[in-house]
Amino acid sequence: MSSDIFQAWVAHDATSPLTFTTFTPKPFEPTDIEINITHCGICGTDLHTLRSGWAPADYPCVLGHEIIGTSEDQKIQPGDRVGIGAQSASCLRPDCSACADGQENYCTRMTATYNSRYRDGARSKSYGGYATRWRGPAHFAFKIPRALPSAEAAPLLCGGVTMFAPLRKYGAGPGKSVGVVGIGGLGHMGILFAKAMGCDSVIGISRTSSKKADAVAGLGADGFIATSEEKNWAKTHSRTLDLIICTVDAADMPLSGYLRLLKLDGTFVQVGAPEQPLPALTAWSLIQKSVKVTGSSIGSPEDIREMLRLAAEKRVVPWIQKRAMREVNEALGDMHEGKARYRYVLENGEELQAKL
């Protein structure tokens, strides 16, 4: 076990730049693991948390929950690459219906990887991956397959499994047609995974056609719907999709139009989490075709393991842009302005490691 003083880029409030300073991680327990962080993806959740968009953040806060590092622990072979996603703890009690069923991500006592609290006696704060080291429960650390490069593997730990889990749960595969709303950090991985799972048809859906070439020629989508440019798009493509995964976090999205695209008994899954309420919909949007509207939160440890296996086997790698960890403030600004194509991954370099 290392010292109890770690270093990270720390957020102290909603508006000031992150500063490189020290913090005290949770007390080490026998079930914990420690890693040296090499990479951490930037997720949209980081922006919502940084600006206290969903709720007041628990400052000081160390963001980052798409973490890759090297193990120092016998629980995972020392030197092996390890990944940590958006969840770092749950109760794991046999009387917890979520944990007992392998759905730890829905445990009422879950601990998020940052801006959360562990259920230990001290209610220790959880800290994320914009740091040089990470400490937390080994149950939520995952060995990274050799076929996956570290930088590309990082976004899979949250963004990737956020798309993979509902695709897996709702039967994406041969014979199914899937729509992905929003071609961005999440959506582009949704197209990649739907294609890797063998879906008959994968359709990208966006407001404009600006990302059509990326979706079709680059990611392999079989078609594209630009909702603000194609007249009567909902009617034209009515009853063509079995499943829609929506990554858009906009309160004004055309939800009723999306539901019209579903076939009989189709399913619409919301994974984007806007700071404002979702738009209203009419009862007939549900009644006419017995469609289901539901949501999905990250993924379970089993989802993550299965996703990593498929990604390694099918070479599913997200589109990333590498940024030095010391450029985190600039990278967050670019992410807020929508400049990422499609995921920024922070790298710990020699300059930062020298400060250890």
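Refer to the structure printed above.
Residues numbered from 1 in each chain as written. Predicted model: local features only at pLDDT ≥ 70, side-chain atom pairs only at ≥ 80, totals over all residues. Heavy atoms only, no water.

What exactly am I supposed to notice about the pairing of strand S10 (residues 177–181) here?
Consecutive side chains along a regular strand alternate between the two faces of the sheet. Buried residues dominate S10, accounting for five of its five residues. Neither face of S10 is exposed, since Ser177, Gly179 and Val181 on one face and Val178 and Val180 on the opposite face are all buried. As paired elements, S10 and strand S11 (residues 201–206) share five bridges and run parallel to each other. Bridged to Val180 within S11 is Gly204. Following the backbone out of S10, through helix H5 (residues 187–196) and into the adjacent parallel S11, one traces a crossover that is right-handed. Two strands pair when backbone bridges link them, and S10 and strand S13 (residues 241–246) are joined in this way by four bridges, in the parallel orientation. Bridge assignment links Gly179 to a residue of S13, and that residue is Ile244. (Buried < 20%, exposed > 50% of the residue type's maximum accessible area, 1.4 Å probe, protein only. Helix = DSSP H or I, 4+ residues; strand = E, 2+ residues; numbered from the N terminus. Pairing = 2+ DSSP bridges. Right-handed = clockwise from strand over helix to strand, strands pointing away.)

Help me understand the environment of Gly79 in this model?
Its place among the elements puts Gly79 in the loop between strand S4 (67–71) and strand S5 (81–84). With a relative accessible area of 49%, Gly79 lands in the partly exposed category. For Gly79 and Thr31, which are 48 residues apart along the polypeptide, the C-alpha to C-alpha distance reads 18 Å. Those residues in contact with Gly79 that sit more than four places away from it in its chain are Thr70 and Ser71. (Contact = heavy atoms within 4.5 Å.)

Which parts of the structure should I look at to understand unusual backbone geometry?
Most peptide bonds take the trans form, and the phi angle of most residues other than glycine is negative. Cis geometry is adopted by the peptide bond preceding Pro60, which originates at Tyr59 and carries an omega value of -5°. Mapping Pro60 onto the fold places it in the loop between helix H1 (44–50) and S4. Between Arg341 and the following residue, Tyr342, the backbone shows a cis peptide bond with an omega angle of 0°.

What am I meant to see in the pattern of salt bridges here?
Oppositely charged side chains may form a pair once their charged atoms are brought near each other. Enumeration over the complete set of coordinates arrives at 22 salt bridges. Between Arg135 and Glu34 there is a salt bridge, with its nearest N and O atoms 2.6 Å apart. Taken together, the positions of Arg135 in strand S8 (residues 133–137) and Glu34 in strand S3 (residues 32–41) put the pair 101 residues apart, joining distant regions of the chain. Of the charged contacts, one joins Arg323 and Asp334 as a salt bridge, the two residues approaching to 3.1 Å between their closest N and O atoms. Placement of the pair is Arg323 in strand S16 (residues 320–324) and Asp334 in helix H11 (residues 328–336), with a sequence separation of eleven residues. There is no split in this pair, since Arg323 and Asp334 are both buried. (Salt bridge = Lys/Arg side-chain N within 4 Å of Asp/Glu carboxyl O.)

Looking at this structure, how should I read the layout of surface pockets?
The method is simple in principle: a probe with the dimensions of a water molecule rolls over the atoms, and the space it marks as empty is what remains. Space inside the second largest pocket adds up to approximately 280 Å³. In terms of lining, the second largest pocket is formed by 17 residues, of which the most central are Glu29, Ala89, Ser90, Tyr118 and Pro137. Each residue belonging to the lining of the second largest pocket can be placed in one class, and the counts come to seven nonpolar, four polar and six charged. (1 Å grid on protein atoms, 1.4 Å probe; cavity = no way out; pocket = protein on both sides within 12 Å on 5 of 7 lines; lining within 4 Å. Points joined across faces, edges and corners; volume = space filled by probe spheres on them. Nonpolar A, V, L, I, M, F, W, Y, C, P; charged D, E, K, R; others polar.)

Please clarify how empty space enclosed by the protein should be interpreted in this entry.
For the structure on display, the rule yields two cavities of 30 Å³ or more. Roughly 80 Å³ of volume is contained in the largest cavity. Along the wall of the largest cavity there are 13 residues; nearest its centre are Ala86, Gln87, Ile298, Gly299 and Ile304. Its residues placed into classes, the lining of the largest cavity shows nine nonpolar, four polar and no charged. A volume near 60 Å³ is recorded for the second largest cavity. The leading source of residues in the lining of the second largest cavity is S8, at three residues. The residue inventory of the lining of the second largest cavity, partitioned by class, reads six nonpolar, one polar and four charged.

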